[in-house]
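Fold and geometry: a report
In case you want the letters, here they are:
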Amino acid sequence: MLLRVLAALFFVCSGSAASLPRMGLVVVECPEEIDPSLLLEVMRDCVTETGRFEPVLLPDSSISLYDNIIPHIQSAASAGALDFLCVLTVRPLEEEPPRAVWRGDSLFESRRTTVTLSARFYTSSGDLMGTAEESSYADLETPLVPDLDGMAAGAAVRLCDGMLLRVFPVEVGFTASEGGLQDIPAGSEDGLRKGMFLSAVASASEIPVTPEGYEQLRSRGLLQVVRCDDGVSRARLLAGRLAPGGPVTAIEQGAPALLRAGWAGFPVELEEGAEQEDFSGSGLVSFVRLGVDSYRWGLCFGGSLMAGTMENLSAVGVEFRAGPRIALAAPSLALRLAAGGMVDFMIQEVAVEYLATDASSVLAGGLAEACLEYLPSSHLGLSASVGSFLGSRADSWTVQEASGQAREAADDELYFSEVALEPFWLSAGIYYLIY
C-alpha cells in the first residue's frame with residue numbers, strides 16, 4: 001500500500017503543466033438542504049488553483065455507497081481517464097438543542113448548526129490513499145436560518161487546502177550541494193511554493209559500494225523554500241546536514257515548532273515603601289521562561305509563560321512575539337528578530353502583619369528581542385538574546401484586610417511602593433526543533 005501511495009505521489013509531482021493528473025470529484029451523499037452541484041464547483045475551483053491537478057466533475061450516480069465501491073471507482077476512472085478520485089460525503093446536519101443567550105439586556109434563543117464534509121481519496125485502481133474532514137458551524141438566534149450552502153463551501157475550501165499536505169504532499173528529488181542553500185530542479189508547476197517547508201532524507205537506488213556512498217546516506221534535514229520559479233527553486237537548510245553529491249528526497253510537511261526553555265533576567269527600578277535598611281533602589285527579577293514558537297509565512301512567532309522572583313517580590317507573566325528569522329550560517333547559526341507584548345502579574349510581601357494577603361499589581365507593555373540561535377545538532381539548540389521593554393509601572397497595589405475587604409495599599413505597608421522594569425533585559429536558554 002505504501003509503495004503504491006509513494007508511486008502515485010511521485011507521478012503527481014513529476015507531471016508537467018501540460019499534462020496534469022486528472023482528479024475526479026463526486027458527491028455520493030448530501031442532505032437535501034445543501035446543493036451538491038455548488039459544492040462540486042467550489043472543489044473544482046480549489047483544485048484548479050493548486051495547479052497540480054485537472055479536476056473532472058462526475059455525476060453522483062457513478063458511485064454507490066450501498067455495495068462494493070471499488071468496482072465503481074475503477075469503472076469511473078477507466079471511463080474518464082482519471083488518476084485519482086475524491087469521493088465527497090456531506091453528513092446529516094447536526095443541530096444542538098436551543099439554549100438561552102443574553103444579547104445586551106434581552107434574552108434570546110440560540111441554536112448551533114454544524115455541517116461536516118468528509119472526503120476519501122482513491123487511486124484509479126481503487127486503493128484508498130487517505131481521508132480528510134472539515135466542519136463549519138453557525139450559532140444563530142431563532143428564527144434566523146443558517147446559510148448551509150455557504151457553510152459547506154467554506155468547509156470544502158479548508159478541506160482542499162488540507163488534503164494537499166495530508167494526502168498529496170509535494171515530493172521532489174535532487175542532488176545535494178555544499179552549503180546552506182540548495183537548488184531544487186522543480187518549481188511552482190510541481191506544487192512548490194515560497195515559504196513551504198520540506199523534510200529531506202537521503203535516498204539511494206542501490207546499496208553503496210564505497211565509504212563515500214554510505215556517508216551520503218546520512219543526509220537528513222529541514223528545508224524552507226526561499227525562491228520559487230518555473231522549473232527551479234532554491235531552499236535554505238534550517239536544520240540537519242546534507243552530504244554534497246548525494247541523492248535526496250524532500251517531502252512537504254507542516255510548519256515546524258520550537259519548544260523553548262531558559263532564564264531571563266529583568267532589571268527593575270524600585271521605589272521604597274516602608275523604611276528598610278540597605279535599600280538600593282534596584283533589583284533583578286530572575287524568570288524561568290517556557291515557550292513555543294512556530295514558522296509560518298517566513299516568520300517565527302509564538303509566546304512564553306514566565307515565572308520569576310526576587311527578595312520580597314515574585315511575578316508571573318505571559319508574552320507574545322513575532323518576527324523574521326535570518327540565517328547567518330545555515331543551518332547552525334541564525335538571528336531571530338521579534339516584537340510583541342507582555343503582561344506581568346506581580347505579588348510582593350507586605351511589611352505589616354494586620355493584612356490578610358500579599359499585595360498584587362499588574363504591568364503591561366511592548367517588547368522587542370534580538371535572539372542568536374545556535375543549532376549544533378539536528379534538533380537541540382542554544383539561544384541567547386537581548387531585549388527591550390517599554391510599558392507601564394506597578395504603582396498601585398491591592399491588598400485584603402482581615403475582614404475580607406479589598407483596598408489599595410498604603411506606601412508604608414509595602415516594601416516597594418513602585419516597581420518598574422528597566423528598558424533592557426537578557427535571556428539565555430535551550431530550544432528543541434520539532435519537524
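Refer to the structure above for everything that follows.
The present account deals with the structure reproduced in this document. Since we're looking at a predicted model, the values are computed, not measured. (Residues numbered from 1 in each chain as written. Predicted model: local features only at pLDDT ≥ 70, side-chain atom pairs only at ≥ 80, totals over all residues. Heavy atoms only, no water.)

In terms of nonpolar packing, the biggest core is built from 34 residues, with Met23, Met43, Cys86, Leu88, Leu117, Phe121 and Phe168 touching the most fellow members. Among the elements of the structure, β1 (22–29), α2 (36–50), β3 (84–90), β6 (106–123), β7 (128–141) and α4 (148–166) are those that each provide at least two residues to this core. Element by element, the count of residues in this core is highest for α4, at 10 residues. When near neighbours in sequence (up to four residues on either side) are disregarded, Met23 contacts Val47, Phe53, Glu54, Pro55, Val56, Phe84, Cys86, Met163 and Phe168. Counting residues in each nonpolar core, the second largest holds 28 residues, with Met346, Phe389, Val399 and Trp425 among its members. (Core = buried A, V, L, I, M, F, W, Y, C linked by side-chain atoms within 4.5 Å. Buried < 20%, exposed > 50% of the residue type's maximum accessible area, 1.4 Å probe, protein only. Helix = DSSP H or I, 4+ residues; strand = E, 2+ residues; numbered from the N terminus. Contact = heavy atoms within 4.5 Å.)

In this section: the sheet that holds strand β8 (residues 171–175). Ordered in space as β8-β13-β10-β11-β12-β9, the 6 strands form an open sheet in which the pairing is antiparallel. Of all strands in the sheet, those bounded by a partner on one side alone are β8 and β9 (181–184). On average, adjacent strands in this sheet sit at an angle of 35° to one another, irrespective of strand direction. Note: strand β11 (residues 220–228) against strand β12 (residues 233–241), 8 bridges, orientation antiparallel. Each bridged residue has a counterpart across the sheet, and for Leu222 the counterpart in β12 is Ala239. (Pairing = 2+ DSSP bridges. Axes fitted to C-alpha atoms, helices over the stretch in contact; angles between N-to-C directions.)

Here we come to the pairing of strand β10 (residues 197–202). Across a regular strand the side chains alternate sides, sitting on one face of the sheet and then on the other. Two strands pair when backbone bridges link them, and β10 and β11 are joined in this way by 5 bridges, in the antiparallel orientation. The residue of β11 that forms the bridge with Ser199 is Leu222. In terms of strand pairing, β10 meets strand β13 (residues 247–253) through 6 bridges, oriented antiparallel. Note on β13: the bridge partner recorded for Phe197 is Gln253.

In this structure, Arg99 sits in strand β5 (residues 99–103). We classify Arg99 as partly exposed; its relative accessible area is 34%. On a C-alpha basis, the gap between Arg99 and Arg112 in space is 9.0 Å, while along the polypeptide they are 13 residues apart. Apart from residues no more than four positions distant in its own chain, Arg99 is found in contact with Phe108, Glu109, Ser110, Arg112 and Asp139.

Glancing now at the packing of α2 against α4. In a pair of packed helices, the angle between the axes and the distance between the axes together describe the arrangement. Two numbers describe how α2 lies on α4: the axes approach to 9 Å, and their chain directions differ by 30°. Overall, the two elements α2 and α4 adopt an arrangement that is roughly parallel. Regarding α2 and α4, the two cross each other, and that crossing is right-handed. Contacts between α2 and α4 involve Leu38, Leu39, Val42, Met43, Cys46, Val47 and Thr50 from the first element and Asp149, Ala152, Ala153, Ala156, Val157, Leu159, Cys160, Met163 and Leu164 from the second. In terms of residue class, the contact of α2 with α4 is made up of 14 nonpolar, 1 polar and 1 charged. (Parallel < 35°, antiparallel > 145°, perpendicular 65-115°, else oblique. Left-handed = near helix turned anticlockwise from the far one by under 90°. Nonpolar A, V, L, I, M, F, W, Y, C, P; charged D, E, K, R; others polar.)

Glancing now at helix α3 (residues 69–80). For α3, which comprises 12 residues, the first-to-last C-alpha distance of 17 Å matches the rise-based estimate of 16 Å (1.5 Å per residue) to within 8%. Residues of α3 that are buried: Ile69, Ile73, Ala76 and Ala77. All buried residues of α3 lie within an arc of 100° about the axis, which places them on one face of the element. Opposite its buried face, α3 presents the exposed residues Ser78 and Ala79, each directed more than 90 degrees away. Taken together, the buried residues of α3 touch β3 and β6. (Expected span 1.5 Å × (residues − 1). Arc of directions from axis to C-beta.)

What follows is about α4. Under the 1.5 Å per step criterion, the end-to-end length of α4 is 26 Å for 19 residues, consistent within 8% with the ideal 27 Å. Every buried residue of α4 is listed here: Leu148, Met151, Ala152, Ala153, Ala155, Ala156, Leu159, Cys160, Gly162, Met163 and Leu164. Buried-residue contacts for α4 involve β1, α2, β6, β7 and β13.

A separate point is the pattern of salt bridges. In the structure shown here, the tally under the stated rule is 23 salt bridges. For the salt bridge of Arg325 with Glu373, the shortest nitrogen-to-oxygen distance reads 2.8 Å. Of the two residues, Arg325 is situated in strand β17 (residues 313–329) and Glu373 in strand β19 (residues 359–374); the sequence distance between them amounts to 48 residues. Residues Arg325 and Glu373 agree in their burial class; the two are buried. (Salt bridge = Lys/Arg side-chain N within 4 Å of Asp/Glu carboxyl O.)

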